[in-house]
Amino acid sequence: KRPVFHSEDDFKFSLAQLFYSESESVRLEVPQKINLTYRSSKKKHNSILKYFDIVIFRNGKKIPVELKYKTKKHKGSDAYKDENLDELFSLKDQGARTEGLFSFRKDIYRIEKFLESNNDSDEGYVVILTNDDNYRKAQKENTIAFNYSFHNGATIEGRDFGWNYNGEKKNHWTTKGDKNMRLDLNGSYKIKWEKYENDPNAPDFYFLIIQVKNKFK
């Protein structure tokens, strides 16, 4: 098992190789049509093509998988060396955590929308792997991403309460484009972070897996 990954693409390819080694049929970056609803206009787009990171084909059914790989610097340094692989990994402080919180819910929403229109599919998954503790901590009530927190022990509820504006929201970046999507979900999801067991000298990574089931079958 790889202790660290260079990037989200590296994580994606490594996971796809794992599925393939277990005799799964796998494709990367698979385009699928799903319906998206925007908060301001409430306009429905019935033919939007979106790409899933991985799609597993099992017994004639599609299992979409969305991945997130979020990093911060390792112990104040830019690099971690894997002695077994003799490979150097540069971990960057990616930042943009507010958008990352929103995007995680958006991934759940997208998979739910895919399952709505694909009765031959039973489930999908959203996976995040990170060494950034901020994703596992509860957001403060006065922060804009408070309603998108997925800290350990929380529950992602079906209703999307939106961005937590404190004051003027005109021209705020969250009112633009897909950041203004209304992400009401069909289900609710209990959050349980788990430790990613790897090289003891490597950064401490944690992962969260959300299973999205087809409620329309």
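Scroll up a little and you will see the structure.
Predicted model only: the values in this text are computed from it and were never measured. (Residues numbered from 1 in each chain as written. Predicted model: local features only at pLDDT ≥ 70, side-chain atom pairs only at ≥ 80, totals over all residues. Heavy atoms only, no water.)

Q: Hey, could you go over the layout of surface pockets for me, with residue numbers and the actual values?
A: Size it by volume and the largest pocket reaches roughly 520 Å³. Counting residues per element, the ones that place at least two in the lining of the largest pocket are α1 (8-21), β2 (44-58), β3 (61-70), β6 (123-130) and β10 (205-213). In terms of residue count, the dominant contributor to the lining of the largest pocket is α1 (five residues). Residue composition of the lining of the largest pocket, grouped by class: 14 nonpolar, one polar and five charged. Lining of the second largest pocket is provided by 16 residues; of these, N147, S149, T155, I156 and E157 occupy positions nearest its centre. Listing elements by their share of the lining of the second largest pocket, those giving two or more residues are α2 (97-116) and β7 (155-156). Looking at the lining of the second largest pocket element by element, the count peaks at three residues for α2. By residue class, the composition of the lining of the second largest pocket is eight nonpolar, four polar and four charged. (1 Å grid on protein atoms, 1.4 Å probe; cavity = no way out; pocket = protein on both sides within 12 Å on 5 of 7 lines; lining within 4 Å. Points joined across faces, edges and corners; volume = space filled by probe spheres on them. Helix = DSSP H or I, 4+ residues; strand = E, 2+ residues; numbered from the N terminus. Nonpolar A, V, L, I, M, F, W, Y, C, P; charged D, E, K, R; others polar.)

Q: A description of the packing of aromatic side chains should follow, citing residues and the corresponding values.
A: Summed over all chains, the structure comprises 11 aromatic pairs. Arranged with centres 5.0 Å apart and planes meeting at 25°, the rings of F102 and W163 form a pair that is stacked. Taken together, the positions of F102 in helix α2 and W163 in the loop between β7 and β8 (189-190) put the pair 61 residues apart, joining distant regions of the chain. What makes F102 buried here is its relative accessible area of 0%. Judged by relative accessible area, which is 7%, W163 ranks as buried. Taking the centre distance of 4.3 Å and the plane angle of 25° together, the rings of F104 and F150 count as stacked. (Phe/Tyr/Trp six-rings, centres within 6.5 Å; stacked < 30°, edge-to-face > 60°. Buried < 20%, exposed > 50% of the residue type's maximum accessible area, 1.4 Å probe, protein only.)

Q: Give a detailed account of the environment of E29, specifying residues and quantitative values.
A: One can find E29 in strand β1 (residues 25-37). A sequence separation of 22 residues divides E29 from Y51, and the C-alpha atoms of the two residues are 5.3 Å apart. Contacts of E29, omitting those with residues within four sequence positions, involve K12, Y51, F52 and D53. (Contact = heavy atoms within 4.5 Å.)

Q: So what's going on with empty space enclosed by the protein? Which residues, and what values?
A: Evaluated as defined, the whole model comprises one cavity of 30 Å³ or more. Put simply, the largest cavity is a space of about 30 Å³. For the lining of the largest cavity, the class distribution of residues is two nonpolar, two polar and four charged.

Q: Before we move on, could you go through the pairing of β6 and cite the residues and values that matter?
A: Within β6, seven of the eight residues are buried, which leaves it mostly tucked inside the rest of the structure. With six bridges joining them, β3 and β6 adopt parallel strand pairing. Each residue of the ladder has a partner; that of L67, found in β6, is V127. (Pairing = 2+ DSSP bridges.)

Q: Lay out the pattern of salt bridges with the relevant residues and their values.
A: Tallied over the entire structure, the rule returns 13 salt bridges. For D133, the salt bridge is made with R136, and the minimal N-O distance between the two is 2.7 Å. Take D133: its relative accessible area is 27%, and that puts it in the partly exposed class. Judged by its relative accessible area of 24%, R136 falls in the partly exposed class. (Salt bridge = Lys/Arg side-chain N within 4 Å of Asp/Glu carboxyl O.)

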